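Residue strings, one per chain:
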Amino acid sequence: MKISVQILLYILLWPLHFVTASAQTQGLNNLDSLVSIDYATLAHKIKLSSKGSISQQAYLKAYLMKARAEKNDTEEFYAYKYYLHRTDHVQKIRFSDSMLMVAKRIQDSSLIASSYLTRGIVHYGAKDHTAALNNYLKATEYLTLDKTPYLYYKNQYLIAQVKYYLGYYMEALSLLKECLPYFKHHKERAYLNTLHQISLCQNRMGNYGDCSETNKVGLEASRRLGMATMEIYFKLSEGVNQYYRDNYHNALTLLNEVLPGIAKRDDFANSAIGYFYRGKSYLALGIKDKAMDDFKTVDENFNAHHYIRADLRESFEILLKQAISSDDTEQQLYYIDQLERLDSVLNQHNYYLYKKIFKEYDTKVLERTKSNLEIQLRKEHKRRGYLTAGLGIVFSLLGLFVVRHLKIRKRYEEQFKKLMDEEPKESVVSPVAPLSYSDLNISEDVVSTVIKQLKTFEEKQQFLDENLSVSKLAAQFDVNSKYLSKIIARFRGKSFANYINDLKIDFIVARLKKEPILRKYTNAALAKEACFSTTQRFTRAFKSKTGISTSYFLEELKRGL
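What you see is a predicted model, and the numbers here were worked out from it, not measured in a lab. (Residues numbered from 1 in each chain as written. Predicted model: local features only at pLDDT ≥ 70, side-chain atom pairs only at ≥ 80, totals over all residues. Heavy atoms only, no water.)

**A closer look at the overall build of the protein**
- A tally of helices and strands in the protein yields 28 helices and zero strands.
- The contacts in the protein between residues at least 6 apart in sequence include a share of 61% that link residues at least 24 apart.
- Taken as a whole, the protein presents about 29,700 Å² of accessible surface, with 53% of it coming from carbon and sulfur. (Helix = DSSP H or I, 4+ residues; strand = E, 2+ residues; numbered from the N terminus. Contact = heavy atoms within 4.5 Å. Areas by Shrake-Rupley, 256 points an atom, 1.4 Å probe, with all protein chains shown as cover.)

What follows is the structure in structure tokens.
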């Protein structure tokens, strides 16, 4: 048997290769020698090394050890940052926390803001939009001190991105338009990303003409800047937009053009969106078989990647209807299971938009329908009767749900209008009942003194103390706590706890009317501003005092703006 020259050389040289590789590994294991290397060289070697390789891990560890040994906080910060960009999601959270800890130790507002931004991006990548938004808002606090334009606009863009996915399209659009001029002159890729996000907001708001104009500008800029990848996404956006403009053939042309390019990039999220709207376009043109194939692709995408968006839910409703019309019980059960999974994911990720859309198949009713269908599968001769009954329950309950929702909505609208029509007060003084001391068994001097003290207490907003109690205030007023409770009940018309809570709610409502920045706050942040000890107590007190929820009040304030 003949052996090729290449194979023979490999056999002869392989031991030498092993010795060389072993020597390199030993060199990397000698961290003391690596720690002696300067930071710039270590950083360069980290970037050149393959992700997750032994050499990269050695350089990362050496960088961190060197920074700690030299007590160089700034370099320790960057060591964690290098680690974060080269590890899995669980470790990313840990390293982002370490970055923030070091940044606070340095007391550098720019690094603290950057750390909060990084933490937000990590949570956003994990689809935890609430945690992401909270971190971006924390970054905002430090950016007011730092005044770094790039970090400021990057933060605004990231907040807009979260708001878009939570359904606050108008707010997201406002933030994106604020960022656009800066990115246009300083960050080309960020400029194109911002244009693309603006087009998505315009589409979701029904501004289809504006969306087409933005996509046109984005395509021209992508070609001018030589960023062919972005052309795909502007065409995808326009394809979806053409569907909403009832130009189904145009939509199909664009979507057919871009879907292969999106698949090559393994972009499963935008792939699902493209297939969904292509399916909708086929369905509108009466090409049902192709439409069903695309909706099934959306289903496969969800099974593979667990990605879903509120509007994509309709794919599964259409497939369920198809299974019902074809009398396929097994498929009906499958798509009901899928809808239950979808609802669980959407609820878990706190999609505001999901809460707002009208769902054709309510989750709880789906569970009942599923149970009925399982019985039908075992008792084939009763299948049609159970299916009809199940669907009757679905639509009956949905009818009741809609009627109840409309009643609550009307009551909320009335309460909101009443709150907004109230004239602003110079102070948040509660209404005082007519003076009457006869049945209190407290001297008139004490009552008069306490009433004056309460007036001062209200005007100076001394109620803004989360640890305030009746005994604490009584001690401050130098009066018996039982007397104080009686006087508040008589002359303020409520218990001590309700009196303090109502003052705090009046205070925060007045601030929300005047200060738009507060409307971006979470319930937890607003509770802190109003000095409530817990978020739950704040939301309960807000509903009790105003008659509406905090989320509805904030939503209507923003809609008004």
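**Topic: the packing of aromatic side chains**
- Under the definition given, this model contains 25 aromatic pairs.
- On the numbers, 5.6 Å between centres and 10° between planes, the contact of Tyr-208 with Tyr-244 is stacked. You can see Tyr-208 sitting in helix α12 (residues 208–225) and its partner Tyr-244 sitting in helix α13 (residues 228–244), a full 36 residues away along the chain.
- What links up through ring pairs into an aromatic cluster is the set Tyr-208, Tyr-243, Tyr-244, Tyr-248, Phe-276, Tyr-277 and Phe-295.
- Its end group placed over the ring of Tyr-168, Lys-163 keeps NZ or CZ at 5.2 Å from the ring centre. (Phe/Tyr/Trp six-rings, centres within 6.5 Å; stacked < 30°, edge-to-face > 60°. Lys NZ or Arg CZ within 6 Å of the ring centre and 35° of its normal.)

**Some points on helix α14 (residues 248–264)**
- Along its 17 residues, α14 runs 25 Å from first to last C-alpha, staying within 8% of the 24 Å computed at 1.5 Å per residue.
- Where α14 bends most, at Val-258, the angle is about 30°, and the proline Pro-260 comes one to four residues later.
- Once α14 ends, the next one or two residues include Asp-266, with phi positive near 55°. (Expected span 1.5 Å × (residues − 1). Bend = angle between axes of the 7 residues up to and from the residue.)

**Some details on the environment of Lys-455**
- Within the secondary structure layout, Lys-455 lies in helix α22 (residues 444–459).
- Classification of Lys-455 as partly exposed rests on a relative accessible area of 43%.
- For Lys-455, the side chain forms a polar contact with the side chain of Glu-459, separated by 2.5 Å. (Buried < 20%, exposed > 50% of the residue type's maximum accessible area, 1.4 Å probe, protein only. Polar contact = N/O pair within 3.5 Å; in protein donor to acceptor, adjacent residues only side chain to side chain.)

**Digging into the environment of Lys-472**
- Positionally, Lys-472 belongs in helix α23 (residues 470–477).
- With near-sequence residues (within four places) excluded, Lys-472 lies in contact with Asp-465 and Asn-467.

**Comments concerning the pattern of salt bridges**
- This structure, assessed with the given rule, holds 21 salt bridges.
- One salt bridge connects Asp-97 with Arg-119, and the closest N-O pair in it is separated by 2.9 Å. Placement of Asp-97 in helix α6 (residues 89–106) and of Arg-119 in helix α7 (residues 109–125) is noted, with a sequence separation of 22 residues between them.
- In this structure, the salt-bridge partner of Lys-494 is Asp-502, at a minimum N-O distance of 3.0 Å. Each member of the pair, Lys-494 as well as Asp-502, is classed as buried. (Salt bridge = Lys/Arg side-chain N within 4 Å of Asp/Glu carboxyl O.)

**Concerning helix α17 (residues 313–325)**
- In a regular helix each residue adds 1.5 Å, so 13 residues correspond to 18 Å; α17 covers 19 Å between its end C-alpha atoms and thus fits that length.
- Of the residues trailing α17, Asp-327 is marked for its positive phi of about 60°.

**Overview of unusual backbone geometry**
- With phi around 55°, Gln-461 is a residue other than glycine that occupies positive phi space.
- When you line up the elements, Gln-461 lands in the loop between α22 and α23.
- Residues other than glycine seldom take positive phi values, yet Cys-531 does so here, at roughly 65°.
- Relative to the elements of secondary structure, Cys-531 occurs in the loop between α26 (523–529) and α27 (535–546).
- You can call Cys-531 buried: its relative accessible area is 17%.

**Digging into the packing of helix α3 (residues 39–48) against helix α4 (residues 54–69)**
- Packing of α3 against α4 leaves a shortest axis separation of 9 Å and a crossing angle of 155°. Accordingly, the angle class assigned to the pair α3 and α4 is roughly antiparallel. Seen along the crossing, α3 lies across α4 with a hand that is left-handed. Together, Tyr-39, Leu-42, Ala-43, Lys-45 and Ile-46 of α3 and Gln-56, Tyr-59, Leu-60, Ala-62, Tyr-63, Lys-66 and Ala-67 of α4 make up the contact between the two elements.
- Considering only residue class, the contact of α3 with α4 consists of nine nonpolar, one polar and two charged. (Axes fitted to C-alpha atoms, helices over the stretch in contact; angles between N-to-C directions. Parallel < 35°, antiparallel > 145°, perpendicular 65-115°, else oblique. Left-handed = near helix turned anticlockwise from the far one by under 90°. Nonpolar A, V, L, I, M, F, W, Y, C, P; charged D, E, K, R; others polar.)

**Examining the confidence of the model for the protein**
- Of the residues in the protein, 78% have a pLDDT of 70 or more, and the chain-wide mean is 81.
- Note on residues 350–362: pLDDT is under 50 here. Beyond four places in sequence and across chains, it has 48 contacts.
- Taken as a whole, residues 426–432 scores under 50 in pLDDT and shows 17 contacts with residues more than four places along the chain or in a different chain. (pLDDT = per-residue confidence, 0-100.)

**Re the packing of helix α10 (residues 169–186) against helix α11 (residues 188–204)**
- Where α10 meets α11, the closest approach of the two axes is 8 Å, and the angle between their N-to-C directions is 155°. What the angle tells us is that α10 and α11 run roughly antiparallel. Between α10 and α11 lies a crossing of left-handed hand. Contacts between α10 and α11 pair Tyr-169, Ala-172, Leu-173, Leu-176, Lys-177, Cys-179, Leu-180, Phe-183, Lys-184 and His-186 from the former with Glu-188, Ala-190, Tyr-191, Thr-194, Leu-195, Gln-197, Ile-198, Cys-201, Gln-202 and Arg-204 from the latter.
- Of the residues assigned to the contact of α10 with α11, the class counts are twelve nonpolar, four polar and four charged.

**Focus on the side chain of Ser-49**
- Within the secondary structure, Ser-49 is located in the loop between α3 and α4.
- Side-chain polar atoms of Ser-49 contact the backbone oxygen of Lys-45, separated by 2.6 Å.
- Residues within four places of Ser-49 in sequence aside, it is in contact with Ser-55, Gln-56 and Tyr-59.

**Notes on the state of the cysteines**
- Overall, the coordinates contain zero disulfides when judged by the stated rule.
- In this model Cys-211 remains outside any disulfide bridge; the closest cysteine sulfur is found in Cys-201, 9.8 Å from its own. (Disulfide = S-S within 2.5 Å.)

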